[in-house]
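Below are the chains, spelled out letter by letter.
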Amino acid sequence: MENCLKFEDIFFSYPNGPEVLRGLNLQIGKGEKIALMGLNGAGKSTLLLMANGLQMPDKGEVVVCGIKLERKVLNEIRRLVGLVFQNADDQLFMPSLEEDVAFGPLNMNLEHKEVERRVKEALESVGLLELRKRNPSSLSGGQKRMGAIATVLSMRPEIMILDEPTANLDWRARRELIRVLRDYDKSLLVATHDLTLVEAICNRVVVIGEGRIVADGATPEILSDDESRRWIGLEG
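The following paragraphs examine the structure supplied in this document. (Residues numbered from 1 in each chain as written. Predicted model: local features only at pLDDT ≥ 70, side-chain atom pairs only at ≥ 80, totals over all residues. Heavy atoms only, no water.)

### Topic: the packing of aromatic side chains
All told, the structure shown has two aromatic pairs when counted by the stated rule. With a centroid separation of 4.7 Å and an interplanar angle of 90°, the aromatic rings of Phe12 and Tyr14 are classed as edge-to-face. Owing to a relative accessible area of 5%, Phe12 belongs among the buried residues under this scheme. Given the relative accessible area of 33%, Tyr14 is considered partly exposed. Between Phe93 and Phe103 the ring centres are 5.2 Å apart and the planes differ by 85°, which places this aromatic pair in the edge-to-face class. Of the two residues, Phe93 sits in the loop between strand E6 (81-84) and helix H3 (97-107) while Phe103 sits in helix H3, which places them 10 residues apart along the sequence. Residue classification places Phe103 among the partly exposed residues on the basis of a relative accessible area of 38%. (Phe/Tyr/Trp six-rings, centres within 6.5 Å; stacked < 30°, edge-to-face > 60°. Buried < 20%, exposed > 50% of the residue type's maximum accessible area, 1.4 Å probe, protein only. Helix = DSSP H or I, 4+ residues; strand = E, 2+ residues; numbered from the N terminus.)

### Some thoughts on the layout of surface pockets
Estimates place the volume of the largest pocket at around 590 Å³. Taken together, 20 residues line the largest pocket, and the ones lying closest to its centre are Arg78, Gln91, Phe103, Gly104 and Met155. Mapped by element, the contributors of at least two residues to the lining of the largest pocket are helix H2 (74-80), E6, H3 and helix H5 (141-153). Among the elements that take part in the lining of the largest pocket, H3 stands out by supplying four residues, more than any other. Of the residues contributing to the lining of the largest pocket, the split by class is nine nonpolar, seven polar and four charged. Approximately 270 Å³ is the volume found for the second largest pocket. Glu121, Ala122, Ser125, Leu153 and Tyr184 are the residues nearest the centre of the second largest pocket, which is lined by 14 residues in total. At the level of elements, helix H4 (112-125) and helix H6 (171-183) are the ones that each hand at least two residues to the lining of the second largest pocket. Per element, the largest residue contribution to the lining of the second largest pocket is four residues, and it comes from H4. When grouped by side-chain class, the residues that make up the lining of the second largest pocket number five nonpolar, two polar and seven charged. (1 Å grid on protein atoms, 1.4 Å probe; cavity = no way out; pocket = protein on both sides within 12 Å on 5 of 7 lines; lining within 4 Å. Points joined across faces, edges and corners; volume = space filled by probe spheres on them. Nonpolar A, V, L, I, M, F, W, Y, C, P; charged D, E, K, R; others polar.)

### Some remarks on the sheet that holds strand E4 (residues 59-64)
A sheet is described by the order of its strands in space; here four strands give the open sequence E2-E1-E4-E5, paired in antiparallel fashion. Every interior strand has two partners, whereas the edge strands, strand E2 (19-29) and strand E5 (67-68), have only one. Bridging between strand E1 (residues 3-13) and E2 involves eight bridges; their strand directions are antiparallel. In the strand pairing of E2, Phe12 is matched with Leu21. Across the face of the sheet, helix H1 (residues 44-51) comes into contact with E1, E2 and E4 while running at roughly 125° to E1. (Pairing = 2+ DSSP bridges. Contact = heavy atoms within 4.5 Å. Axes fitted to C-alpha atoms, helices over the stretch in contact; angles between N-to-C directions.)

### So, the packing of H3 against H5
H5 packs onto H3 with a crossing angle of 30° between their chain directions and a minimal axis gap of 7 Å. Between H3 and H5, the interaxial angle falls into the category roughly parallel. Here H3 and H5 pass one another in a crossing that is right-handed. Residues Leu97, Asp100 and Val101 of H3 pack against Gly147, Ala150 and Thr151 of H5. Looking at the contact of H3 with H5 residue by residue, the class counts come to three nonpolar, two polar and one charged. (Parallel < 35°, antiparallel > 145°, perpendicular 65-115°, else oblique. Left-handed = near helix turned anticlockwise from the far one by under 90°.)

### Notes on the environment of Val152
Mapping Val152 onto the fold places it in helix H5. Expressed as a C-alpha distance, the spacing of Val152 and Leu83, which sit 69 residues apart in the sequence, is 6.9 Å. Apart from the residues lying within four places of it in its own chain, the contact partners of Val152 are Gly82, Leu83, Val84, Gln91, Pro157 and Met160.

### Some details on H1
Given 3.6 residues per helical turn, the α-helix brings residues three or four places apart onto the same face. H1 sits mainly inside the fold: six of its eight residues count as buried. Of the residues one or two after H1, Gly53 is the one with positive phi, at around 85°.

### Quick word on the sheet that holds E6
An order of E6-E7-E8-E3-E9-E10 is seen for the six strands of this open sheet, with the pairing classed as mixed. If you trace the sheet from one side to the other, it starts and ends with E6 and strand E10 (212-218), each paired once. Ignoring which end each strand starts from, the neighbouring axes of this sheet average 20° apart. Packing against the sheet, H5 makes contact with E6 and strand E7 (159-163), and its axis sits at approximately 170° to E6.

### With respect to the nonpolar core
Membership of the largest hydrophobic core comes to 44 residues, with the highest contact counts inside it found for Val126, Ile149, Met160, Leu162, Leu181, Leu188 and Ile201. Top element by residues in this core is H5. It accounts for six residues. Ignoring any residue separated from it by four or fewer positions in sequence, one finds Met160 in contact with Gly82, Val84, Ile149, Val152, Leu153, Leu181, Tyr184, Ser187, Leu188 and Leu189. Listed in part, the 33 residues of the second largest apolar core include Cys4, Phe7, Leu21 and Ile34. (Core = buried A, V, L, I, M, F, W, Y, C linked by side-chain atoms within 4.5 Å.)

Structural data, given as structure tokens:
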């Protein structure tokens, strides 16, 4: 299987802090839907930020669709890797939802008609087309999360990355989110503690602990393995 994202021997520390990632290796193939799991502080969010250059490794290589992550190619990397933050308010900052969704395509210098087409398709896919004129601050938590996803979908990345996407969502919003992610037809990497989400959409689980990958395999295999469950925090 062809890789769309590869982390090779990654080391990373925050200033004046301990090592967060310690020789981590991970490969994600095209079309795979992967859950990234582990205890709080294991390095999940750091790894996600590194996937599109919001953090750079101290040592090692990140490769996206054959392109090595370097500062001079960040714009190209960020077209290929769409990151959905845990807090949707970090992603929605324009006066209207449709302007937020159009922001990325406009910065790709696409023609106006193409931008309009992408905005419409992205908002339709997350069920928010009728709310396109609304100020994001007036939306519910679930609607904001879907709006944040739409801002990524309009960029048409090769891999979408989400950080705890079901956090603070009610069951209706979680169900709708699962539908959207199940329908997504490209690569997906989701950092989450939500087993319902993992079992519904992910065919592979990668477990991170102490800055490295400690388990990697098919979802049923990992979630039923006692040692993997301890690394995830699912003892008992």
